[in-house]
Amino acid sequence: MDKAGDIDNPVPPSPPSLLLSARPEPLEAPYPAGSLDGITVDHAALEDRYPVYAKFGQELGNTPLIELPGPDGGATVLAKCEWENPVGSIKDRVAYALLGSALQQHGDRPLDELRVLEYSGGNLANALSHLCAELGIRSRFVLSSASPRSLLDTLAGRGARVDLVDKERGFLDVVREALRIAAEEPEWTLLYQHRNPANALLQERTTGAELAAQLAGRVPDAWVASIGTGGTLVGVLRALRARFPAVRAVGVTPAELPYGSDQPPNGQRKYAGSGGMGHGIRQPFVTLHDDEVEHRTVSYPRAFAAMGEFHDLTGLRIGSSAAANWLAAKETAAALPPSATVVTVLPDAGTPEEWEQLGR
């Protein structure tokens with residue numbers, strides 16, 4: 001049989017690598033088992049070469065783990081506070097990871113020859129634009145037209161190029177527009193957060209490892225995280241399972257378009273940074289654990305209201321994805337005894353527009 005294979009003996013898909021392609025695979029392409037094994041970015045070498053990258057890495061992570069208001073009579077709920085990262089969200093970790101993979105591939109060539117392209121729901125564009133501006137790397141972001149003005153102004157101030165996609169087309173078309181640009185304008189390097197193993201692997205090595213250590217002897221019963229790319233859910237799960245094999249995984253997505261939904265994408269407002277893709281498409285990292293991830297949904301109105309409720313209870317500001325995680329973690333904890341522990345993450349502190357709308 002030749003290399004192309006045949007109907008009875010198809011050639012299996014190649015596992016992803018850190019090689020960033022000018023013609024990347026579509027989001028829905030199979031993501032083979034083992035895709036996250038044996039792949040590394042030499043962050044230490046990159047930090048030696050680029051002091052700005054090193055400084056960002058040194059300020060990244062080691063975010064505090066705090067107890068959240070939980071259900072009466074239920075399990076304890078703990079969460080990592082990711083707004084403590086240098087640009088203010090968990091996507092700072094992803095920016096460091098994805099840009100590291102691009103820098104490693106770029107090699108010894110001058111940084112002004114590297115052009116970074118990525119799509120974003122907001123926080124990743126904020127973090128990447130900051131890091132790229134500090135390094136003198138040109139950046140370009142594909143965003144929904146629903147992106148907040150505060151973000152667009154920030155990106156403009158950093159010299160980033162922005163392509164907006166009509167919000168009614170949904171986030172899937174934001175991703176596909178970035179894929180189109182990468183194919184037609186190969187001078188731009190697409191970082192491809194949904195399929196780049198560096199995303200989930202850094203979450204495993206940092207967020208997950210930090211969380212496991214911070215538990216200080218507690219055994220987590222469940223890990224709860226919203227699914228955007230699934231990198232946080234899966235990366236942290238891998239770290240926790242290495243020490244706590246029985247920990248449950250709970251993925252959270254907006255009720256307006258849940259994970260794996262067969263419905264087409266829509267322009268309904270959803271809590272930030274997460275969501276199903278539509279047309280039955282599932283996030284590649286999560287497909288590696290489809291048989292073991294439980295799923296919960298949270299509507300935007302519930303998440304938005306929970307931002308205010310959480311602030312009233314704690315004095316802390318959290319974003320809508322953090323609020324969704326809190327709600328799902330409380331629901332999970334309510335079904336467990338007081339001796340149990342549920343862990344989650346608070347990705348950011350919300351946008352100025354959200355807090356203005358909340359009147360706080």
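Shown above is the structure to which this text applies.
In what follows, the accompanying structure is described. (Residues numbered from 1 in each chain as written. Predicted model: local features only at pLDDT ≥ 70, side-chain atom pairs only at ≥ 80, totals over all residues. Heavy atoms only, no water.)

1. As for the overall build of the protein
Then, in step 1: Across its full length, the protein carries 12 helices and 10 strands.
Then, in step 2: Radius of gyration (C-alpha) of the protein: 20 Å, near the 21 Å computed for a compact globule of 360 residues.
Then, in step 3: Principal axes of the C-alpha set define a box for the protein whose edges measure 60 × 55 × 45 Å.
Then, in step 4: Of all 360 residues assigned to the protein, the portion counted as buried reaches 55%.
Then, in step 5: Taking the contacts inside the protein whose residues are at least 6 apart along the sequence as the reference set, 71% of them involve residues at least 24 apart.
Then, in step 6: Accessible surface for the protein amounts to roughly 14900 Å². Of this, 49% is attributable to carbon and sulfur atoms.
Then, in step 7: Looking at the protein, you have 33 positive and 45 negative side-chain charges, and the mean spots of the two groups are 2 Å apart. (Helix = DSSP H or I, 4+ residues; strand = E, 2+ residues; numbered from the N terminus. Rg over C-alpha atoms; globule rule 2.2 N^0.38 Å. Buried < 20%, exposed > 50% of the residue type's maximum accessible area, 1.4 Å probe, protein only. Contact = heavy atoms within 4.5 Å. Areas by Shrake-Rupley, 256 points an atom, 1.4 Å probe, with all protein chains shown as cover. Lys, Arg positive; Asp, Glu negative; His and termini not counted. Charge placed at Lys NZ, Arg CZ, Asp CG, Glu CD.)

2. Structural notes on the sheet that holds strand 10 (residues 341-346)
Then, in step 1: Sheet architecture is open: 6 strands sit in the order 1-2-10-7-8-9, paired in mixed fashion. Bordering the open sheet on either side are strand 1 (65-68) and strand 9 (293-298), each of which pairs with just one other strand. Within this sheet the neighbouring strands show an average axis-to-axis angle of 30°, counted without direction.
Then, in step 2: Sheet strands touched by helix 11 (residues 320-334): strand 1, strand 2 (76-81), strand 7 (222-226), strand 8 (248-254), strand 9 and strand 10. Its angle to strand 7, the strand with the most contacts, is close to 150°. (Pairing = 2+ DSSP bridges. Axes fitted to C-alpha atoms, helices over the stretch in contact; angles between N-to-C directions.)

3. A closer look at the sheet that holds strand 6 (residues 189-190)
Then, in step 1: Strand order in the open sheet formed by 4 strands is 5-4-3-6, with parallel pairing between adjacent strands. Every interior strand has two partners, whereas the edge strands, strand 5 (161-165) and strand 6, have only one.
Then, in step 2: By the bridge criterion, 2 bridges tie strand 3 (residues 115-119) to strand 6 in an arrangement that is parallel. Note that in strand 6 the partner of Val116 across the bridge is Thr189.

4. Regarding the side chain of Arg195
Then, in step 1: Looking at the secondary structure, you find Arg195 in the loop between strand 6 and helix 7 (197-214).
Then, in step 2: Within the structure, the side chain of Arg195 is placed 3.2 Å from the backbone oxygen of Leu27, a separation counted as a polar contact. (Polar contact = N/O pair within 3.5 Å; in protein donor to acceptor, adjacent residues only side chain to side chain.)

5. A few points about the pattern of salt bridges
Then, in step 1: Under the definition given, this model contains 21 salt bridges.
Then, in step 2: Residue Arg140 is joined to Glu185 by a salt bridge in which the shortest nitrogen-to-oxygen separation is 3.0 Å. Of this pair, Arg140 sits in strand 4 (residues 138-144) while Glu185 sits in the loop between helix 6 (170-184) and strand 6; the two residues are 45 residues apart in sequence, bridging distant segments of the chain.
Then, in step 3: Classification of Arg140 by relative accessible area gives buried; the value is 2%.
Then, in step 4: Arg238 is the partner of Glu204 in a salt bridge, and the nearest nitrogen-oxygen pair spans 2.8 Å. Within this pair, whereas Glu204 is found in helix 7, its partner Arg238 is found in helix 8 (residues 231-243), the two being separated by 34 residues in sequence.
Then, in step 5: Glu204 sits in the partly exposed class, given a relative accessible area of 22%.
Then, in step 6: Here the salt bridges do not stand alone but share partners, grouping Lys80, Glu82, Arg93 and Glu210 into one network. (Salt bridge = Lys/Arg side-chain N within 4 Å of Asp/Glu carboxyl O.)

6. A short note on the nonpolar core
Then, in step 1: Counting residues in each nonpolar core, the largest one holds 35 residues, and the members touching the most others are Leu99, Leu103, Leu135 and Ile137.
Then, in step 2: Every element with two or more residues in this core is listed here: helix 2 (51-59), helix 3 (91-106), helix 4 (123-135), strand 4, helix 5 (149-157) and helix 7.
Then, in step 3: Leave out the neighbours within four places in its chain, and Leu103 touches Leu46, Tyr50, Tyr53, Leu111, Leu114, Leu135 and Ile137. (Core = buried A, V, L, I, M, F, W, Y, C linked by side-chain atoms within 4.5 Å.)

7. Looking at helix 7
Then, in step 1: Taking 1.5 Å of rise per residue, the 18 residues of helix 7 would be expected to cover 26 Å, and the 25 Å separating its terminal C-alpha atoms lies within 8% of that figure.
Then, in step 2: Two to three positions downstream of the cap, the backbone nitrogen of Ala198 sits 2.9 Å from a side-chain oxygen, assigning the N-cap of helix 7 to Asn196.
Then, in step 3: Taken from the residues just after helix 7, Ala216 is the one with a positive phi, measuring 50°. (Expected span 1.5 Å × (residues − 1).)

8. Re the environment of Thr63
Then, in step 1: Its place among the elements puts Thr63 in the loop between helix 2 and strand 1.
Then, in step 2: Along the chain, Thr63 and Ile90 lie 27 residues apart, while their C-alpha atoms are 9.6 Å from each other.
Then, in step 3: A distance of 2.5 Å separates the side chain of Thr63 from the side chain of Glu82, its partner in a polar contact.

9. Things to note about the environment of Pro30
Then, in step 1: Residue position: Pro30 is located in the segment before helix 1 (43-49).
Then, in step 2: As for Pro30 and Pro301, which are separated by 271 residues in sequence, their C-alpha atoms are 34 Å apart.

10. Observations regarding the packing of aromatic side chains
Then, in step 1: Scanning the model with the defined rule gives 6 aromatic pairs in all.
Then, in step 2: Relative to Tyr96, the ring of Tyr53 lies with its centre 4.4 Å away and its plane at 10°, an arrangement referred to as stacked. Taken together, the residues span a long stretch of sequence, with Tyr53 in helix 2 and Tyr96 in helix 3 at a distance of 43 residues.
Then, in step 3: A residue is classified by how much of its surface remains accessible, and Tyr53, at 0% relative accessible area, is buried.
Then, in step 4: Look at Tyr300 and Phe304: their rings are 5.6 Å apart centre to centre, the planes differ by 25°, and that puts the pair in the stacked class. In this pair, Tyr300 and Phe304 both sit in helix 10 (residues 300-314), 4 residues apart, roughly one turn of the helix.
Then, in step 5: Taken together, the ring pairs connect Tyr119, Phe171 and Tyr192 into an aromatic cluster.
Then, in step 6: Between the NZ or CZ atom of Arg115 and the centre of the ring of Trp188, over which it lies, the distance is 5.7 Å.
Then, in step 7: Here Lys330 stacks its cationic end above the ring of Trp326, 4.1 Å away from the centre of that ring. (Phe/Tyr/Trp six-rings, centres within 6.5 Å; stacked < 30°, edge-to-face > 60°. Lys NZ or Arg CZ within 6 Å of the ring centre and 35° of its normal.)

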